[in-house]
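Commentary on secondary and tertiary structure
One-letter residues, chain by chain:
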Amino acid sequence: MITLNIVAEEKDPTQQVESAQAAFDDEFRRFDNLAFVIAVDGAENGLSALKELRTRHLGKKSAIAASKKLIGRVPAEERAAFGQLVQRTEVAITESIASAESQLKEIIEKTRIQRETIDVTIPGRRPRQGHLHPITLMRQRIEDIFVSLGYAVEDDREIETDFYNFDALNIPEGHPARDPQDTFYTTEGFALRSQTSTVQIHAMQRRGAPVRMIAPGRVFRRDTPDPTHNPMFYQVEGLCVDRGITMAHLKGTLAEFVHRLFGPETRTRFRPSYFPFTEPSAEVDYSCFNCAGDGCRICKWSGWIELGGSGMVHPNVLRGANVDTSEFTGFAFGLGIDRTCARIYQLDDIRLLFENDVRFLEQFR
Ligand code: DAH
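Residues numbered from 1 in each chain as written. Predicted model: local features only at pLDDT ≥ 70, side-chain atom pairs only at ≥ 80, totals over all residues. Heavy atoms only, no water.

1. Digging into the nonpolar core
Worth spelling out the cut-off: Side-chain atoms within 4.5 Å are what join buried Ala, Val, Leu, Ile, Met, Phe, Trp, Tyr and Cys residues into a set we call a nonpolar core. Only protein chains enter the calculation, and the probe is 1.4 Å; a residue is then buried if its accessible area is under 20% of its type maximum, exposed if over 50%, and partly exposed in between. Only DSSP runs of H or I reaching four residues or more are called helices, and only runs of E reaching two or more are called strands; each is numbered from the N terminus. The contact criterion used is simple: two residues touch if any of their non-hydrogen atoms lie within 4.5 Å.
Grouped together as the largest cluster of nonpolar side chains are 40 residues, with contacts concentrated most on Phe146, Phe257, Phe331 and Phe333. Those elements that place two or more of their residues in this core are helix H6 (134-148), strand S5 (232-242), helix H9 (247-262), strand S7 (278-287), strand S8 (304-313), strand S9 (329-336), helix H11 (337-344) and helix H12 (358-361). Among residues more than four places away in sequence, those in contact with phenylalanine 146 are Tyr151, Ile214, Thr253, Leu254, Phe257 and Phe333. In terms of nonpolar packing, the next biggest core, distinct from the first, is built from 23 residues, Leu239, Val317, Ala321 and Val323 among them.

2. Section: the site of the ligand
This is how it is decided: For each residue, the test is whether any non-hydrogen atom lies within 4 Å of the molecule or strand; if one does, the residue is near. Any pair of N or O atoms that falls within 3.5 Å is considered a polar contact. Within protein, one atom must be able to donate a hydrogen and the other to accept it, and sequence-neighbouring residues count only if both atoms are side-chain atoms. Asp, Glu, Lys and Arg are counted as charged, while Ala, Val, Leu, Ile, Met, Phe, Trp, Tyr, Cys and Pro are counted as nonpolar; the rest, among them Gly, fall into the polar class.
Residues in contact with the ligand amount to 16 residues; listed here are only the nearest, Gln195, Ser197, Arg221, Gln235 and Glu237. Take glutamate 237: an N or O atom from its side chain is 2.6 Å from an oxygen atom of the ligand. Those elements giving two or more residues to the shell around the ligand turn out to be S5, S8 and S9. Classifying every residue of the shell around the ligand by side-chain character gives four nonpolar, 10 polar and two charged.

3. Things to note about the environment of threonine 228
Tracing the backbone shows threonine 228 in the loop between strand S4 (211-220) and S5. What makes threonine 228 exposed here is its relative accessible area of 56%. Taking the C-alpha atoms as reference points, threonine 228 and leucine 347, 119 residues apart in sequence, are found 9.8 Å from one another. Within the structure, the side chain of threonine 228 is placed 3.2 Å from the side chain of histidine 229, a separation counted as a polar contact.

4. Quick notes on the pattern of salt bridges
Rules: A pairing counts as a salt bridge when a side-chain nitrogen of Lys or Arg comes within 4 Å of a carboxyl oxygen of Asp or Glu.
Scanning the model with the defined rule gives 24 salt bridges in all. Here arginine 54 and glutamate 101 are joined by a salt bridge, their closest N and O atoms 3.3 Å apart. Of this pair, arginine 54 sits in helix H3 (residues 43-58) while glutamate 101 sits in helix H5 (residues 76-116), and the two are 47 residues apart along the sequence. Measuring nitrogen to oxygen at the nearest pair gives 2.7 Å for the salt bridge that ties glutamate 327 to arginine 243. Separated by 84 residues along the polypeptide, glutamate 327 in the loop between helix H10 (315-320) and S9 and arginine 243 in the loop between S5 and H9 bring together distant segments of the chain. One continuous salt-bridge network, built from bridges that share partners, spans Glu154, Asp156, Arg157, Arg206 and Arg207.

5. A short note on the environment of alanine 23
For alanine 23, the position within the fold is in helix H1 (residues 13-28). C-alpha of alanine 23 to C-alpha of alanine 63: the two residues are 40 residues apart in sequence and 9.5 Å apart in space.

6. A short note on the side chain of glutamate 154
Mapped onto the elements, glutamate 154 comes out in the loop between strand S1 (152-153) and strand S2 (159-161). A distance of 2.6 Å separates the side chain of glutamate 154 from the side chain of arginine 206, its partner in a polar contact.

7. Structural notes on the packing of aromatic side chains
The criterion, for reference: Geometry of aromatic contacts follows a simple scheme: Phe, Tyr and Trp rings, the Trp one being its six-membered ring, pair when their centres are within 6.5 Å, and the pair is stacked under 30 degrees between planes, edge-to-face over 60, tilted otherwise.
Taken as a whole, this structure holds 13 aromatic pairs when the rule is applied. Each ring, one from phenylalanine 146 and one from phenylalanine 333, has its centre 5.3 Å from the other, and the planes form 25 degrees; the classification is stacked. Of this pair, phenylalanine 146 sits in helix H6 while phenylalanine 333 sits in strand S9, and the two are 187 residues apart along the sequence. Taking relative accessible area as the criterion, phenylalanine 146 reaches 0% and is therefore assigned buried. For the ring pair phenylalanine 163 and tyrosine 164, a centre distance of 5.0 Å and an interplane angle of 85 degrees mean the geometry is edge-to-face. In this structure phenylalanine 163 comes out as partly exposed when scored by relative accessible area, which is 38%. For tyrosine 164, a relative accessible area of 17% gives the class buried.

8. Regarding H9
The line we're drawing: To estimate how far a helix should reach, multiply one less than its number of residues by 1.5 Å.
For H9, spanning 16 residues, the distance from its first C-alpha to its last is 22 Å, which sits close to the expected 22 Å at 1.5 Å a residue. Taken residue by residue, H9 has Leu250, Thr253, Leu254, Ala255, Phe257, Val258, Leu261 and Phe262 as its buried positions. Buried-residue contacts for H9 involve H6, strand S6 (268-275), S7, S8, S9 and H11. In this structure threonine 246 caps H9, since a side-chain oxygen of it lies 3.1 Å from the backbone nitrogen of alanine 248.

9. A look at the state of the cysteines
Our working rule: Cysteine sulfur atoms are paired as a disulfide whenever they come within 2.5 Å of each other.
Tallied over the full model, the rule gives zero disulfides. Counting only cysteine sulfurs, cysteine 291 is the nearest neighbor of cysteine 288, a cysteine outside any disulfide, at a range of 3.7 Å. Between cysteine 299, a free cysteine, and cysteine 291, which holds the nearest cysteine sulfur, the sulfur-to-sulfur gap is 3.6 Å. Given the relative accessible area of 2%, cysteine 299 is considered buried.

Right, dumping it as structure tokens:
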């Protein structure tokens, strides 16, 4: 047993070193299983716990540091043996910590590389390709036809005054034609337009005569939604004002339109009708694109499908828009885009077009 030569009753130095080793071994045991340390603390925390361990067992205030100070006080003949014991213990502790540290760092590095590896052979996530809404596709087909006939495409406001929606279209206050087109009113005398005919007035005011334009757009009516009605729907307005325009031009234009849209065998039919802003007025039908007029489910066994309203622009409308009626005449028409869409795609319910259900819309590319 090694004793100290100064204070005999002080603790046995060998025992001090041995218990320092034991205390270290006790704490170090959990680092024998690094996978466990990582699972409980996380790799980075495990590393800093190891650093604290080093400070505690090898640092200035450690038992080993205290033992080193004892070396000089051990009797000369025992000093070498004691010094070696202290050194062996210090080296053992240092090596244990260093080896655990390097293993831990290796694991950290490995998982980092694993995390950051990109497998370039894995197929990418393909973005779902969208497409235009069936109403937009239909609108574009209609626009293409009229643009090729020399018409401009007008895009105008959806919020209107009574003047443009009614008065300027020869529908004065109290006129029964206002009733079926009851719309949504906002404050200060504005309302959502109930028909694209409003654009006739804007176009004539802006461009004067002659003018040839179509105006596709949304219109609004206070209708209760059902399979054939929606409070918001799409129309295309058409207007042609020039010198010497007659009903023949109207008929020729719409006949050409349905030829291009549904095929050259398509026939048209004009039925007398009434609209306040045209005189004379006519409803236009075309022979069914499905049965060519024989009668089928699509045309409800009549052989004809309604295209829309039309007529010769009423002189009051021309005058109201500052067009000289002694020089100019014109025709106008209004078609329903979604109605035509629903027919072509054989939709039982027009509301399907506005529900934004991709599973439905995907069918119409
Ligand atoms: N604006 C009418 C409606 O919404 C449709 C219409 C009929 C437009 C005859 C016209 C026309 O330009 O001449 O019911």
